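Here are the chains, one letter per residue:
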Amino acid sequence: MTDNVNHPQHYEKHKIVLEPIDIIEGLPFSIANVIKYIIRAHDKDNLLEDYRKAKWYYNRVNKTFSHERLNSLLAPLAVLRFSENGTLRDFGRQIFNGREPWMAWTLIGGDLGRAIYALLDENDTIPEELKEE
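Counting starts from 1 at the beginning of each chain's written sequence and moves along it residue by residue. Local features are withheld for residues below a pLDDT of 70 in this predicted model, meaning they are given only at 70 or higher, and side-chain atom pairs are given and counted only at 80 or more; totals for whole chains, interfaces and linings count all residues. Heavy atoms throughout the structure, all of them, feed into the side-chain values; hydrogens and water do not.

A.B. asks: I would appreciate a short explanation of the overall build of the chain in the present structure.
C.D. replies: Strands here mean DSSP runs of E at least two residues long; helices mean DSSP runs of H or I at least four residues long; both are numbered from the N terminus. Helix and strand counts for the chain stand at seven helices and zero strands. Sequence-ordered secondary structure for the chain, helices as α and strands as β, is α-α-α-α-α-α-α. For the radius of gyration, the atom set is restricted to C-alpha positions; the globular benchmark scales as 2.2 Å times the number of residues to the power 0.38. The C-alpha radius of gyration of the chain comes to 15 Å, within 12% of the 14 Å expected for a compact globule of 133 residues. Across its three principal axes, the chain shows a C-alpha extent of roughly 40 × 40 × 25 Å. Exposed residues in this analysis have more than 50% of their type's maximum accessible area, buried residues have under 20%, and partly exposed residues fall in between, with area computed by a 1.4 Å probe over protein chains only. Sorting the 133 residues of the chain into buried and exposed places 41% on the buried side.

A.B. asks: How should the packing of aromatic side chains be read in this particular structure?
C.D. replies: Pairing of aromatic rings covers Phe, Tyr and the six-membered ring of Trp, with a centre-to-centre limit of 6.5 Å; geometry is then stacked below 30 degrees between planes, edge-to-face above 60, and tilted otherwise. Taken as a whole, this structure holds five aromatic pairs when the rule is applied. On the basis of an interplanar angle of 80° and a centroid distance of 5.9 Å, the ring pair of Phe29 and Tyr57 is categorised as edge-to-face. Of this pair, Phe29 sits in helix H3 (residues 29-40) while Tyr57 sits in helix H4 (residues 47-64); the two residues are 28 residues apart in sequence, bridging distant segments of the chain. Relative accessible area serves as the criterion here: at 16%, Tyr57 is assigned to the buried category. Site record: aromatic cluster; members linked through ring pairs are Phe29, Tyr37, Trp56 and Tyr57. Geometrically, a charge over a ring is one whose NZ (Lys) or CZ (Arg) sits within 6 Å of the ring centre while staying within 35 degrees of the ring normal. Of note, Arg81 hangs over the ring of Phe96, and the distance from its end group to the ring centre comes to 3.8 Å.

A.B. asks: I would appreciate a short explanation of the confidence of the model for the chain in the present structure.
C.D. replies: Reading predicted coordinates in detail is not appropriate for stretches of low pLDDT. Note: pLDDT gives the predictor's confidence per residue, expressed from 0 to 100. On average, residues of the chain carry a pLDDT of 88, and 93% of them reach 70 or more. When mean pLDDT is compared element by element in the chain, helix H5 (residues 67-74) scores highest at 97, while helix H1 (residues 9-12) scores lowest at 74.

Encoded structure:
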């Protein structure tokens, strides 16, 4: 029987040694939401919506935290190098290999932007979270 409260099945295949909640629960809400929406995007009904939500929170993180603060918050996420998700795996590998975490973070933003554009059809307008400020 599936237990969607304590051990949601849609997170099971993303286990590293811990469930995603064990990795993100100590992070600020906005950073945790970027990771959460990326992890579950392919397991839920609306891939575009989850990527757009992740990008919205990503932009918020970049407005809220300095590079120095991001470095301290994101450094432990090198563990994501074991993720089955390509975006998160590349992010974790960059940190593990010595790149400053805030710089590795920019990879996530680029991947999200490309994924959103790829999912839009020719009649869609550019979402607000992709517009340059």
